[in-house]
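So you can see what is in the structure, the chains are spelled out below.
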Amino acid sequence: MIYPSKVKIVEVSPRDGLQAEKVTVPVASRIQFINLLSDAGFKTIEVGSFVSPKWVPNMEGSDKVYQGITKKEGINYSILIPNFKGYEAALENKVDSIAVFTAASETFCQKNINSSLKESLENFKTFVPDAKKNGLWVRGYISCAIACPYEGFISPKKVHEVALELLSMGCDEISLGDTIGVGTPLKVKHLIKGIPVPLEKLAVHFHDTYGQGIANIYAALLEGISIVDSSASGLGGCPYAPGASGNVATEDVIYLLQGLGIETGVDLSKLLKASLFIDDVLKKETSSKASKALRIDKINLHRSYFEK
Ligand code: HMG
Ligand code: MG
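Keep in mind the model is a prediction, meaning the values are calculated, not measured.

Conventions and cut-offs
Residues numbered from 1 in each chain as written. Chains lettered and ligands numbered in written order. Predicted model: local features only at pLDDT ≥ 70, side-chain atom pairs only at ≥ 80, totals over all residues. Heavy atoms only, no water. Helix = DSSP H or I, 4+ residues; strand = E, 2+ residues; numbered from the N terminus. Rg over C-alpha atoms; globule rule 2.2 N^0.38 Å. Buried < 20%, exposed > 50% of the residue type's maximum accessible area, 1.4 Å probe, protein only. Contact = heavy atoms within 4.5 Å. Areas by Shrake-Rupley, 256 points an atom, 1.4 Å probe, with all protein chains shown as cover. Near = heavy atom within 4 Å. Polar contact = N/O pair within 3.5 Å; in protein donor to acceptor, adjacent residues only side chain to side chain. 1 Å grid on protein atoms, 1.4 Å probe; cavity = no way out; pocket = protein on both sides within 12 Å on 5 of 7 lines; lining within 4 Å. Sits in = over half its atoms within 2 Å of the grid points. Nonpolar A, V, L, I, M, F, W, Y, C, P; charged D, E, K, R; others polar. Core = buried A, V, L, I, M, F, W, Y, C linked by side-chain atoms within 4.5 Å.

Chemist: I'd like a rundown of the overall build of the chain, residues and numbers included.
Modeler: For the chain, the helix and strand inventory stands at 14 helices and ten strands. For a compact globule of 308 residues, the expected C-alpha radius of gyration is about 19 Å, and the chain comes in at 18 Å, within 12% of that figure. Taken along the three principal axes of its C-alpha coordinates, the chain extends 55 × 45 × 35 Å. The buried share of the chain, reckoned over its 308 residues, is 56%. For the chain, the share of sequence-separated contacts (at least 6 apart) that also reach a separation of at least 24 residues comes to 76%. Counting only carbon and sulfur atoms, one obtains 54% of the accessible surface of the chain, whose full area is about 13100 Å².

Chemist: An account of the site of ligand 1 is requested, with residue identities and associated values reported.
Modeler: By nearness alone, 26 residues border ligand 1, and Gln19, Lys54, Asn114, Ser143 and Thr179 come closest of all. Note that an oxygen atom of ligand 1 is positioned 2.8 Å from one of the side-chain N or O atoms of glutamine 19. Within the side chain of threonine 179, an N or O atom sits 2.5 Å from an oxygen atom of ligand 1. Burial of ligand 1 by the protein chains amounts to 74% of its free accessible area of 1100 Å². In a pocket analysis with a 2 Å cut-off to the grid points, ligand 1 is assigned to the largest pocket. Among the elements of the structure, α1 (13-19), α4 (84-92), α5 (106-113) and β5 (137-143) are those that each provide at least two residues to the shell around ligand 1. It is α1 that contributes the most residues to the shell around ligand 1, three residues altogether. Counted by class, the shell around ligand 1 contains eleven nonpolar, eleven polar and four charged residues.

Chemist: Pulling in residues and values, what's your account of the nonpolar core?
Modeler: Judged by nonpolar contacts, the single largest core of 100 residues is most densely connected at Ile98, Ile142, Leu166, Ile174, Leu176 and Leu271. Examining the composition of this core, we find that seven residues originate from one element, helix α12 (residues 268-282), more than from any other. If we skip the residues at most four places from it in the chain, leucine 271 touches Leu37, Ala40, Phe42, Ala232, Thr250, Glu251, Ile254 and Val266.

None of this, on its own, says anything about what the molecule does.
Written out as C-alpha cells, the structure reads:
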C-alpha cells in the first residue's frame, strides 16, 4: 500500500462546524477557538464565511472574527464566499485566502445559493481571475460530489465536469464534498479515478452521517489524496442539506493518520483543548470517538502512548 507521507488537514470547524450548530457562538468565543486551533498546528483553518446573514445567521460577524484572530505565520486563514459581494468584503478585510462553493447538483445549488449551477460558475468567473491577479489563494468546493439530498446519487462524470470548470477559472485547490455523508469507499474510489484535477490539488470533504468518514478518507488516501477536510469534535453540518451530520471529526482523522505513520503537524492534545473549549461553549457532547476516548480519565495513558 502506498500512502502519502504527509497530509494537509483543512480545519473547517469554525465555518462548516459552527454554521449549522443550534447555538450561535459569539464572536469572542469564535476568536478564542480559532486561536486554540492555530496553536494545535493546523496549516489551513476556515475561519468563517461572508454570506448573507439572513441565509446563515451563525456566520454573521465573520469579518470581526477574521480581524480579531491572532494570525500565525505560515497558516492559511480562509473565508468562504458565494458571490462578488463576498469578494468585495474579502478585499476590504484584506483576506488572502477565499473559498467559493457550488454543487454537482442543480437542486442543491438552487437551495444553497439561490442560483443554477451554470449561474454559480459564471458568478465565480466575475471575481476568481481577479482574486488570482491580486495574489489570493482560491479554493473551490463541489457539494453533493457523491449524492444530493434532493436528487439522490450523482454521477462522477458530473463532478469531474464541475471540477474542470473550477480549475480552469483559476482555483488552486478543489474540495469534493460528500455533503450528506452517504458515501462509501467504493463510491469515493470511483469519484476520484479519472478526475481531471492533479491529485495534489484535490481535497476530500466528508460529512459523517453514516459513520463512513474515516473509511472514506482511507479510500481517498489509497487513491493518492493528501488534503483532508475535517472538523474539530465533528461539529456541524450544512443548513441546506436536511439530515446531514457534522464533518468527520479531526481527532478521529489524526488518530487514523498517526496510525498510518502519516505526518500532519497537528498536536492531538492541543486539538483536544480546542475541542473541549468549543464543546463547552456549545454545551454539547463531542461526536468524535477518539475525542471521547482521550477525554476519559485515562487521558495521560493515551498521551504517553502518543509520545512514544
Ligand atoms: P439571494 O437572496 O439570492 O441574494 O441569496 P441577493 O443578492 O438577492 O441578496 C439578498 C440579501 O443578502 C441582500 O441583503 C444582500 O445584500 C445580501 P438585503 O438587501 O436583503 O438586506 N447579501 C450578502 N450579505 C453578506 N455577504 C454576501 C451577500 N450577498 C448578498 N456575500 C446568497 C444569494 C448567495 C447571498 C445566499 O444564498 C447565501 O448567502 N447563501 C449562503 C449559503 C451558505 O452559506 N451555505 C453553507 C455553506 S456551503 C456548505 O456548507 C457546503 C460545504 O461545506 C461543502 C460540502 O459539505 O458539500 C462548503
Ligand atoms: Mg461541508
